[in-house]
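# Fold and contact review
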Amino acid sequence: MKNEFMKKAIELSIKSVNNGGGPFGSVIVKGDKIIAEGSNKVTSNNDPTAHGEIVAIREACKKLNNFSLNGCELYSTCEPCPMCLSAIYWARIDKIYYANTREDARKIDFDDSLIYTELQKNIDKRKIPMIQMMRNEALKAFEMWDKKTDKVKY
């Protein structure tokens, strides 16, 4: 069964290339059933976050009407990039199956090594400057959240 799910992700990646998108596809499975599909839509949607995994996560959450995808597994045609991996953790997906490696992706100019390197640096050493400002004012929302008794933790 697992091979069928990866075959579907691969089919989505090939279709994406044929439609002018990037060569990435993904499916999310719950209970041996595909509940969401995603392919790379970065250029077609003018959205740098529209990677196959993110597209599938958005669809699955909408379908399940829940921000948690606990109990789900993700099949991706490539090892998830740092952004997608973070989203997978935030979505609480149980397991990731992938086909191509980040090295395979790098060889065709999808190189995430800068991001991996940047994440290991101190904030003041990163390529994109990060400047903290108005912390005291922004803490108000954090304090309100902290005191809220009916909050939905995520």
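Before going into details, it helps to say that this report is about the structure given with it. Note that the structure is predicted; figures quoted are calculated from it, not measured. (Residues numbered from 1 in each chain as written. Predicted model: local features only at pLDDT ≥ 70, side-chain atom pairs only at ≥ 80, totals over all residues. Heavy atoms only, no water.)

The next point concerns the pattern of salt bridges. Scanning all chains against the criterion turns up eight salt bridges. Of the charged contacts in the structure, one is a salt bridge between E103 and R106, with a shortest N-O distance of 2.5 Å. Placement of both E103 and R106 in helix α5 (residues 102-107) is noted, with a separation of three residues, approximately one turn of the helix. For R106, a relative accessible area of 36% gives the class partly exposed. (Salt bridge = Lys/Arg side-chain N within 4 Å of Asp/Glu carboxyl O. Helix = DSSP H or I, 4+ residues; strand = E, 2+ residues; numbered from the N terminus. Buried < 20%, exposed > 50% of the residue type's maximum accessible area, 1.4 Å probe, protein only.)

Once that is clear, we can look at the nonpolar core. The biggest cluster of nonpolar side chains holds 17 residues, and the ones touching the most others in it are I28, I35, I57, A60, L69 and I93. Those elements that place two or more of their residues in this core are β2 (33-39), α3 (52-64), β3 (72-78) and α4 (82-91). Examining the composition of this core, we find that five residues originate from one element, α3, more than from any other. Beyond its immediate stretch of four places on either side in the chain, I93 contacts I28, I57, L69, C72, E73, L74 and I88. In terms of nonpolar packing, the next biggest core, distinct from the first, is built from eight residues, F5, V27, V29 and Y75 among them. (Core = buried A, V, L, I, M, F, W, Y, C linked by side-chain atoms within 4.5 Å. Contact = heavy atoms within 4.5 Å.)

If you add up the space inside the largest pocket, you get close to 370 Å³. In terms of lining, the largest pocket is formed by 21 residues, of which the most central are C81, A105, F110, D111 and D112. Mapped onto the lining of the largest pocket, the elements with two or more residues apiece are α4, α5 and α6 (113-120). Taken together, the residues that form the lining of the largest pocket break down as eleven nonpolar, three polar and seven charged. (1 Å grid on protein atoms, 1.4 Å probe; cavity = no way out; pocket = protein on both sides within 12 Å on 5 of 7 lines; lining within 4 Å. Points joined across faces, edges and corners; volume = space filled by probe spheres on them. Nonpolar A, V, L, I, M, F, W, Y, C, P; charged D, E, K, R; others polar.)

We now examine a nonpolar patch on the surface. A cluster of nonpolar side chains, contributed by F67, W145, V152 and Y154, occupies part of the molecular surface with about 470 Å² of accessible area. If you trace the backbone, W145 turns up in helix α7 (residues 135-147). When its relative accessible area of 38% is taken as the criterion, W145 is described as partly exposed. (Patch = residues over 30% accessible without salt bridge, like charges linked within 9 Å, V, L, I, M, F, W, Y side chains within 5 Å. Areas by Shrake-Rupley, 256 points an atom, 1.4 Å probe, with all protein chains shown as cover.)

Here the focus is the sheet that holds β3. Strands sit in the order β2-β1-β3-β4 across an open sheet of four strands; the sheet is mixed. The two strands at the open ends of the sheet, each matched to only one other strand, are β2 and β4 (95-100). Here the average twist between neighbouring strands, direction ignored, is 15°. With five bridges connecting them, β3 and β4 associate as parallel partners. Residue pairing across strands places Y75 opposite Y97, the latter belonging to β4. (Pairing = 2+ DSSP bridges. Axes fitted to C-alpha atoms, helices over the stretch in contact; angles between N-to-C directions.)

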